[in-house]
Amino acid sequence: MELFNQHSGLWLLGLATALLVTGLVAGVLAGLLGVGGGIVIVPVLYHLFTLLGVDESVRMHAAVGTSLATIIPTSILSSRAHRQRGSLDMALIQRLMPSVIVGVIVGSVASRFLSGASLTAVFACMALLVALNMAFKRDGFALRDGLPGPVGTALLGSGIGGVSTLMGIGGGTLSVPILNALRVPMHTAVGTGAMLGMVISVPGALAFVLNGLDVPLRPPLSLGYVNLLGMALIVPATMATTGWGATLAHRIDAKRLRQVFAAFLALTALRMFYGLFT
């Protein structure tokens, strides 16, 4: 049941305030934990839209589309910064990018036909895996040295692109731990994830705009499944507070914080599963 009528000034004020807080929290956690903002923004938006009575049929699509749109400017700036610092391996990017783009296309097409419940299930499954990795990953763990052969790399890239698009996240959340497990140096993995985030977010956000045109029951001030108010408030708030999070990371127990955030992600995933089966 809606707490406010979606056309009332009070509802829009509540939405704007909550979106601004979402950006602030996402920026701090991104700086603290080294994770992409999307893995924070999507579940927060999902819970926010639930609280504000956004219809279940469009709730997850709006959260994912808005998240992808917010990643565009931050990923561009992050990619430029990593390139200036020399932490971008262009040979690695060139090997991964074609299959990542293919994955984004597949994910974008699939998102048009997936129901809100299916999209929620995808996010919940992957969020649970990310949470388990954050909570229990062993230092020094590796699967092999470097990327696999052409077929393996194609599958890896398309998986990162497709799943990231459906989850509304940049490439970093999936690509950084995967590349690090392939013994790619962490700085290079992070820089690669930033550039892949740009490759994923631009066409991904455009697809959610097109897929959501003329769909009823979307939150007000939305272009397709991208909430323009959300993008306008989340992006500057995230960019302003990421530095705060990075500063705090040197003052607190980062490992303990990652475990707490992993618990938040796991509980969010379980809450989504519960909603799907009740």
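Whatever comes next refers back to the structure up there.
Residues numbered from 1 in each chain as written. Predicted model: local features only at pLDDT ≥ 70, side-chain atom pairs only at ≥ 80, totals over all residues. Heavy atoms only, no water.

### What to know about helix H6 (residues 150-167)
Right, so step 1: In this model H6 runs 25 Å from its N-terminal to its C-terminal C-alpha over 18 residues, within 8% of the 26 Å that 1.5 Å per residue would give.
Right, so step 2: All of the buried residues in H6 are Thr 153, Leu 156, Gly 157, Ile 160, Gly 161, Gly 162, Ser 164, Thr 165, Leu 166 and Met 167.
Right, so step 3: The elements touched by buried residues of H6 are helix H2 (38-51), helix H3 (56-84), helix H4 (90-113), helix H5 (116-136), helix H7 (172-181) and helix H8 (186-211).
Right, so step 4: Just downstream of H6, Gly 168 is the residue with a positive phi angle, here 80°. (Helix = DSSP H or I, 4+ residues; strand = E, 2+ residues; numbered from the N terminus. Expected span 1.5 Å × (residues − 1). Buried < 20%, exposed > 50% of the residue type's maximum accessible area, 1.4 Å probe, protein only. Contact = heavy atoms within 4.5 Å.)

### Re unusual backbone geometry
Right, so step 1: Phi angles above zero are rare outside glycine, and Asp 214 is one such case at about 65°.
Right, so step 2: In the Ramachandran plot, Leu 217 falls in the positive-phi region, its phi being about 75° despite a non-glycine side chain.
Right, so step 3: Tracing the backbone shows Leu 217 in the loop between H8 and strand S1 (222-223).

### Quick look at the side chain of Ser 175
Right, so step 1: Mapped onto the elements of the fold, Ser 175 is located in helix H7.
Right, so step 2: Note on Ser 175: relative accessible area 0%, which makes it buried.
Right, so step 3: Not counting residues within four places of it along the chain, the set of residues in contact with Ser 175 comprises Ile 160, Gly 193 and Leu 196.

### Quick notes on the packing of aromatic side chains
Right, so step 1: One pass over the structure, following the stated rule, counts one aromatic pair.
Right, so step 2: Judged by centre distance (6.4 Å) and plane angle (65°), the rings of Phe 208 and Tyr 225 are edge-to-face. Of this pair, Phe 208 sits in helix H8 while Tyr 225 sits in the loop between S1 and strand S2 (226-227), placing them 17 residues apart in sequence.
Right, so step 3: Given the relative accessible area of 0%, Phe 208 is considered buried.
Right, so step 4: Its relative accessible area of 8% is what places Tyr 225 among the buried residues.
Right, so step 5: Of note, Arg 59 hangs over the ring of Tyr 46, and the distance from its end group to the ring centre comes to 6.0 Å. (Phe/Tyr/Trp six-rings, centres within 6.5 Å; stacked < 30°, edge-to-face > 60°. Lys NZ or Arg CZ within 6 Å of the ring centre and 35° of its normal.)

Just distances and angles here, no functional claims.
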